[in-house]
Amino acid sequence: MSGMLHERWMEAALREAQRAYDEDEVPVGAVVVFRERIIGKGHNQTERLNDPTAHAEILAITAAANALNSRRLEECTLYVTLEPCPMCAGAIVLARIPILVFGTYDPKAGACGTLYNIVEDRRLNHTVHVIPGVLDDRCSILLKAFFGDLRRM
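Residues numbered from 1 in each chain as written. Predicted model: local features only at pLDDT ≥ 70, side-chain atom pairs only at ≥ 80, totals over all residues. Heavy atoms only, no water.

### A few points about the pairing of strand β3 (residues 76-82)
Here is the rule: Relative accessible area decides the class of each residue, using a 1.4 Å probe on protein chains only: under 20% of the type maximum gives buried, over 50% gives exposed, and in between gives partly exposed. Working definition: helices are DSSP H or I runs of at least four residues, strands are E runs of at least two. Numbering for both runs from the N terminus. The criterion for strand pairing is that DSSP finds at least two bridges linking the strands in question. Every crossover in which the path from the first strand over the helix to the second runs clockwise, viewed with the strands pointing away from the viewer, is termed right-handed.
Counted residue by residue, β3 has seven buried out of seven residues, so it is predominantly covered. Both strand β1 (residues 29-34) and β3 contribute to a ladder of five bridges, which runs antiparallel. When the bridges of β3 are listed, valine 31 appears paired with tyrosine 79. Between the parallel elements β3 and strand β4 (residues 99-104), the chain passes through helix α4 (residues 86-94) in a crossover that is right-handed.

### Here we look at the layout of surface pockets
Rules: Space inside and on the surface of the protein is sampled on a 1 Å grid over the protein atoms alone, with a cavity defined as a set of points where a 1.4 Å probe fits but cannot get out and a pocket as an open set with protein on both sides within 12 Å along at least 5 of 7 lines; lining residues have an atom within 4 Å of a point. Grid points are joined across faces, edges and corners, and a volume is the space filled by probe spheres set on the points.
Within this model, the largest pocket holds a volume of roughly 430 Å³. In terms of lining, the largest pocket is formed by 19 residues, of which the most central are Val26, Leu82, Asp106, Leu143 and Phe147. In terms of residue count, helix α5 (residues 136-152) provides more of the lining of the largest pocket than any other element does, four residues in total.

### Re the pattern of salt bridges
Stated precisely, the cut-off is as follows: Every case where a carboxyl oxygen of Asp or Glu lies within 4 Å of a side-chain nitrogen of Lys or Arg is listed as a salt bridge.
A complete count under the given rule lists five salt bridges for this structure. Between glutamate 11 and arginine 138 there is a salt bridge, with its nearest N and O atoms 2.5 Å apart. Within this pair, whereas glutamate 11 is found in helix α1 (residues 3-22), its partner arginine 138 is found in helix α5, the two being separated by 127 residues in sequence. Owing to a relative accessible area of 41%, arginine 138 belongs among the partly exposed residues under this scheme.

Any functional reading would require information that these geometric values do not contain.
Here you go:
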């Protein structure tokens with residue numbers, strides 16, 4: 001798949017991240033693409049829902065599984081603005097998503113190459129092809145703006 005196509009879908013994930021930002025949530029957005037169509041999307045809603053599992057990836061994966069009426073997302077690609085955490089990386093593996101594309105690395109909780117590499121761990125029953133750094137600057141700027149706003153409060 002071309003870089004331009006990855007950027008197109010990452011733009012959709014960034015729109016979800018902006019929704020999170022506008023709702024005073026950590027601005028992370030995710031979309032699941034199946035056959036050139038978004039079938040699941042989500043943005044962080046942990047504060048709004050009082051749910052520590054309400055990460056963008058989890059919400060997008062759940063929506064995609066419902067759209068396909070299957071827990072296996074074997075022909076899907078997940079786009080997310082921030083490198084997934086251990087919980088989300090585990091969900092990606094369990095959903096059998098073959099390709100993960102993310103925007104910026106997460107030095108504090110990244111589990112797809114930074115602190116851990118759950119999605120490429122061959123000891124698990126599924127591995128994921130990871131494409132990092134798509135629209136990295138834009139994803140990073142949104143997160144930095146959010147945390148900068150928090151520090152000024």
